[in-house]
Amino acid sequence: MANRYWVGGNGTWDTTTTTNWSATSGGAGGASVPTSGDDVFFDLNSNAGNPTFGVTISSSVSVLSLTISGLAGTLTLGSGVSGGLSVVGGNFSLPSTNLVWTVTATTTFAVGSGSTQTINTGGNSFPGPVSFSGAGTRRLLSNMTVTGASTTLIAGTLDLNNFTLSTTTFVSTNTAVTRAFAFGTTGAITTTGSGTVWNVSNTNNNITYTGTPTVNISNNTANAVTINHNGNEAGAFNFNFINGTYSLTAFGVVFRDINFTGFNGTWVSTNQSTIYGNLTIPASGGTFVGSTTTIKSLTWAGTSGTKTITTNGRTVGLGLSIDGVGQTIQFADNFAMTSTQTFYLIKGTLDVNSKTTSLGVLNIQSGTHAITNGTLTCASVTHTSGDIAIGTGYLLSCTGTYTFTAGSITINDGANLSVGLFSSANTGTRSIAFGTGSITTTSTGTVWNVTGTTGLSFTGTSNIIISNNTATAVTVTNTATAASAMSFSFTNGTYALTLTSGNSFRNLNFTGYAGTCSLLTNTYTMYGNLNLGSTATITATAGTSTFTWNSTSGTRTITSNGRTANFGIALNGVGQTLQLADAFIQGSTQTFAYTNGTFDMSGYSTSLGILVITTGTHAITNGTLNCASVTHTSGDLSIGTGYLLVCTGTYTFTAGTITLNDGVSLSVGNFSSSNSNTRSVAFGSLGSFIAVTGSGATAWNLATPTNFGYTGTPLVKLTYSGALATTIS
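Residues numbered from 1 in each chain as written. Predicted model: local features only at pLDDT ≥ 70, side-chain atom pairs only at ≥ 80, totals over all residues. Heavy atoms only, no water.

(A) Structural view of the overall build of the chain. In terms of regular secondary structure, the chain is built from 0 helices and 78 strands. Oriented by its inertia axes, the alpha-carbon framework of the chain measures out at about 155 × 40 × 35 Å. Per-residue burial over the chain gives 52% buried out of 729 residues. Relative to all contacts within the chain whose residues are 6 or more apart in sequence, the contacts with residues 24 or more apart total 41%. For the chain, the accessible area works out to roughly 25,500 Å², and carbon and sulfur atoms hold 50% of it. On the chain, the mean spot of the 16 positive side-chain charges and the mean spot of the 16 negative ones are 9 Å from each other. (Helix = DSSP H or I, 4+ residues; strand = E, 2+ residues; numbered from the N terminus. Buried < 20%, exposed > 50% of the residue type's maximum accessible area, 1.4 Å probe, protein only. Contact = heavy atoms within 4.5 Å. Areas by Shrake-Rupley, 256 points an atom, 1.4 Å probe, with all protein chains shown as cover. Lys, Arg positive; Asp, Glu negative; His and termini not counted. Charge placed at Lys NZ, Arg CZ, Asp CG, Glu CD.)

Written as structure tokens, this is what we have:
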């Protein structure tokens, strides 16, 4: 290793010419040409008294170190296309005055493992490419500027040492070796060009950094910019897009922080990029959109810490995704998203932070996630798997459709899930834990669409509130089993309500509803209570629409609030009791089909339409049952065990048994039993009888008495007092 000094002023630096090389400062020329083992100096004695001098590097040369200092005149150090300079292992130092650096060929800084090479540019710019190679460390002692060319990190460590490397483009794609960046607290790399200004490949996850990893993308033009940076969280950098009106392309970039403050261009995201830090959208300038409505433009994939989203009042058009267990993504200010864009909640916590929010499509997928601290408002929800818990520090308001395919919804603390419409028309495994909470629909049209009796279950007290304070029509579809049938309340509005054929309900409550519900030709299955409200109109064509109670235990109530029930009722569940909560009137042409269970009038005035009695286990209690007519086709009717029966029309007795207990009477307008089926009347003691009031028709018709029998003392009293002829047959 030797020292070599430039002497004699102007000259050419190549691998063979010895004219300008000396072993001492200001000594005689003719010393050997310096090599990669020699330290090179340009100093006070290099210019031979000339006020200016020039040196041209005409071929690729290598030195151990290069120091230029104390020049007596101005040195222009340049190169041809092939005149590259390599500084191998030693330090590099340029003065801040008396130097014009015009080396356009590549300047290479190479240092071996375990060694550190310092670089002091003295504020001089590099017009040619710069390359860092070798497994050692390059440490900046000043800012470094590369103009019009690229900077490449091939291997080793680039120690910015709190200085800034400004370069047209930056490249580090040698994935076979370890590369590291030491930024310090204020160090940064700034790109100033267009095209692919940042191209860093970390597919083998062998890039690391220390300090605050800051990359500034500075391109104050409209020329397009592309950045590539892949890998894992350990190799993710902060990117600041600080100016320009260009179109930005980011190919699956891995970011730490992203800050677009100052950017006035356009980013149309065409594929998924990953972010491990904060996102900042400026108050003005720039357009940020996803190429499709389902693209995950940015996915937070961290596993710890809190990251923020700051939008400064802007509406975000990017698709966003939270997919990292242990991380929290927090809204730093009010957040609004394009209504058609998607926000994916997969793993991690979304902290609303008490901000006003307006998401597009909230897509809930399988994973460990939570939402906290506020009301999350979104245009729609797509829930394909996983659990969402509402009321544990936040509420969810969906103005459009909540589509529930699979997973679970937990509604805690008496909270409410507000949706425009709710749809779960599938057989996927899905459950709703109500606790004491509720789901409210607020839109029009088919506001509730739940079909498929397989896969759906709930716990707690179900409470579906249909809220539509307009006159625009609403449809409810709810097909379910006894276990999955839910309770519905219709609380307001004057709209026309359609309950789809085949619906199943637990409770139905029309209190507050002032519209008309025209029932379809169908059976609606009930497993709970029915409240007709005081202002609703519920109608059906006689004999076409029926509410059928099918429970096998417990007591269900009907509250009519003085309204006439213009629809059919069927009681067909062994072990259940259907109980009146107030006086009850059914339309005279409607049917009350009684097969199984107990009908408890609770002492209230009761007026049915057509009572149809068929074989089954049933009982009527606590009151007088008035009906327009009776069709008794089979089964036993026992009168006087806690109730009486008054039929103002015809009692048609086809088959079965009538039992009159305790001296009571069965009062009918007319009695008809002219057939050959097996049927009987059991008259009790103490003067039980059938009272026929007559009506000018055939008051008693037993013209065909075959298979008709009785027990006890038979007594029929004709109590008709009118003037019309009455026939007894």
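Now, onward.
(B) Here's a closer look at the pattern of salt bridges. A full pass over the atoms with the stated rule returns 2 salt bridges. D159 serves as the salt-bridge partner of R139, at 2.8 Å between the closest nitrogen and oxygen. Of this pair, R139 sits in strand 16 (residues 137–140) while D159 is found in strand 18 (residues 156–159), placing the two residues 20 residues apart along the sequence. The class of R139 is partly exposed, set by a relative accessible area of 32%. Where K347 meets D323, a salt bridge forms, and the shortest distance between an N and an O atom there is 2.7 Å. Remark: D323 occurs in strand 36 (residues 320–331) and K347 occurs in strand 38 (residues 342–351); sequence separation between them is 24 residues. (Salt bridge = Lys/Arg side-chain N within 4 Å of Asp/Glu carboxyl O.)

(C) Structural context of the sheet that holds strand 44 (residues 407–411). Here we have 4 strands laid out as an open sheet, ordered 42-44-46-49, and parallel in their pairing. Both edges of this open sheet fall to strand 42 (387–390) and strand 49 (456–459), since each of them pairs with a single strand only. Recorded for the sheet is a direction-independent mean angle of 10° between the axes of neighbouring strands. Pairing of strand 44 with strand 46 (residues 430–433) involves 4 bridges; the strand directions are parallel. Residue I409 lies in a different strand from strand 46, and its bridge partner there is I432. (Pairing = 2+ DSSP bridges. Axes fitted to C-alpha atoms, helices over the stretch in contact; angles between N-to-C directions.)

(D) Broad picture of the sheet that holds strand 2 (residues 11–13). One open sheet accounts for 4 strands, arranged 2-5-8-11; its pairing is parallel. The outermost strands of the open sheet, each flanked by one partner alone, are strand 2 and strand 11 (99–102). The sheet shows a mean angle of 20° between the axes of neighbouring strands, taken without regard to direction. Taken together, the 3 bridges between strand 2 and strand 5 (residues 52–57) define a ladder with parallel strand orientation. Among the inter-strand pairings, G11 is bridged to a residue of strand 5, identified as V55.

(E) Representation of the packing of aromatic side chains. The tally for this structure, following the rule as stated, stands at 50 aromatic pairs. Look at F170 and F181: their rings are 6.0 Å apart centre to centre, the planes differ by 50°, and that puts the pair in the tilted class. Taken together, the positions of F170 in strand 19 (residues 164–172) and F181 in strand 20 (residues 179–182) put the pair 11 residues apart, joining distant regions of the chain. In this structure, F170 and F181 share a single accessibility class: buried. Centre to centre, the rings of F260 and F263 are 5.9 Å apart; their planes meet at 45°, and the pair counts as tilted. Comparing F260 with F263 shows no difference in burial state: the two are buried. (Phe/Tyr/Trp six-rings, centres within 6.5 Å; stacked < 30°, edge-to-face > 60°.)

(F) Spatial organisation of unusual backbone geometry. If you check the backbone angles, N205 has positive phi at about 55° while not being a glycine. Mapping N205 onto the fold places it in the loop between strand 22 (195–200) and strand 23 (207–210). What makes N205 partly exposed here is its relative accessible area of 41%. Its identity as a non-glycine residue notwithstanding, N707 has a phi of 65°, on the positive side. As for its placement among the helices and strands, N707 is situated in the loop between strand 75 (698–701) and strand 76 (708–711). Judged by relative accessible area, which is 43%, N707 ranks as partly exposed.

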